[in-house]
Amino acid sequence: MVLASFQYYGCRVLRLWTLPCCYGAIFILETVVIEEDREGPSNRVPKRQRAERAFDIQGSDQEEYEEDEESEGEEASQGAEESEGEEQLEESGAEQGEMSPHTAQDGSISITLTDPEVLDCSICYEALSIPVFQCENGHIACSTCCMKIRNRCPSCSTPIGYSRCRAIEKVLESVKVSCQNTKYGCKEAFSYSLKQKHEKACSFAPCSCPLSECYFEGSSENLSAHFGNVHKYSATRFLYDRLTSITFGVFEKSLILREETDGSLFILHNKVETLGNVITLSRIGPSTERAFFYELIVKSQADASTLRLQSFTKSTPKWVDNPESLGFLLVPSKFSSSSRQLKMDLWVWCSDRVSCYKRPSGS
């Protein structure tokens, strides 16, 4: 039976037992450990304080978790608002018909070539035109150059000129470019494959003022207006389809002529040779411009001899010493007067009556 029981340290109990036996009674002292919180007697911190501390730790963890959830919720809501805003902008843009800055209303896009030479022939450096050929290794060349290099690729020596490069040809057909003479008034836009063809025949090709002290450059029409306004008295005037008498010195290199109705500029060239003077007539304008039929008549001062030249003019964009000519008139020295002057009659015909008789500004 238990005679006594008492507790110390809050977790250990001492019990005193007695057991009867033949010799009397046996007393037993028993120690019992109470493990209510499974911590043992080594922890001297009161259980209440430990519980409060544990609660504080759990509470802080819970607050951090809640804060994280709140921040995640805010970010999610903010992201949702941004996506909704973007969707609303896209919807409003679609409603208003807005398009990408590089997208046109017809669905075409505008691109910028950082290296425009990528669409040029690597041999002649001219703009590629259809057909375009490629070798086995992908090197490309225009058809003209393939014949010049005898169908042998200059980069890898493989055959070229038998296989078309369809991809580049499609690019050349789809890419639209503006004329290089835009600043002179040309507003044409065309496929890149037609670039070289157009610019050779462009009526807005720049022409230079024939006077050496003037640096004006512009289209043929603008040059006519410029010359009429600035250099009005620096040229000999004449009219189409009428005979005009001209006199100039034997050693004069050239004489500028200006037609009164359309302002066209012509140059009467004179080159001194051993046998006499070589006379030609050219026009200041794009090189592909139509030719004018003209007639030169020179009469001898000594006798009744007459020299006559009938030919067509060739146009040049600027004054040159020896222009290309379809014909020339060789005037012997005896045809000049005692004052070393050449006298001749000039007749220039205009086949296009509408353009020839359009009076320019400054005339």
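Here the structure is shown first, and the text comes after it.
How each quantity is defined
Residues numbered from 1 in each chain as written. Predicted model: local features only at pLDDT ≥ 70, side-chain atom pairs only at ≥ 80, totals over all residues. Heavy atoms only, no water. Pairing = 2+ DSSP bridges. Helix = DSSP H or I, 4+ residues; strand = E, 2+ residues; numbered from the N terminus. Axes fitted to C-alpha atoms, helices over the stretch in contact; angles between N-to-C directions. Buried < 20%, exposed > 50% of the residue type's maximum accessible area, 1.4 Å probe, protein only. Contact = heavy atoms within 4.5 Å. Core = buried A, V, L, I, M, F, W, Y, C linked by side-chain atoms within 4.5 Å.

Visitor: What is the right way to look at the sheet that holds strand β17 (residues 306-312) in this model?
Guide: Paired through their backbone hydrogen bonds, the strands of a sheet run either parallel or antiparallel. Read across the sheet, four strands follow the order β12-β20-β16-β17 without closing on themselves; strand pairing throughout is antiparallel. Both edges of this open sheet fall to β12 (243-249) and β17, since each of them pairs with a single strand only. On average, each strand axis in the sheet is tilted by 25° relative to the strand beside it, whichever way the strands run. With seven bridges connecting them, strand β16 (residues 293-299) and β17 associate as antiparallel partners. Across the sheet, the residue bridging to Val-298 is Leu-307, located in β17.

Visitor: Just checking my understanding: could you explain the side chain of Thr-280 for this structure?
Guide: Tracing the backbone through its elements, the reader meets Thr-280 in strand β15 (residues 276-284). Residue class for Thr-280 comes out buried when judged on its relative accessible area of 10%. Among residues more than four places away in sequence, those in contact with Thr-280 are Ile-267, Leu-268, His-269, Tyr-294, Ser-325, Gly-327 and Phe-328.

Visitor: Where do I start with the nonpolar core in this structure?
Guide: One recurring pattern in soluble globular proteins: nonpolar side chains tend to sit buried together. Grouped together as the largest cluster of nonpolar side chains are 24 residues, with contacts concentrated most on Leu-257, Leu-268, Ile-279, Leu-296, Met-344 and Val-348. Counting residues per element, the ones that place at least two in this core are β12, β13 (254-259), β14 (265-272), β15, β16, β19 (329-332) and β20 (341-349). Looking at this core, the element that brings in the most residues is β20, giving four residues. Excluding anything up to four places from it in sequence, Leu-296 contacts Leu-268, Ile-279, Leu-307, Arg-308, Leu-309, Leu-329, Met-344, Asp-345 and Leu-346. One finds Cys-145, Leu-172, Val-177 and Cys-179 within the second-largest nonpolar core, a separate group that totals 23 residues.

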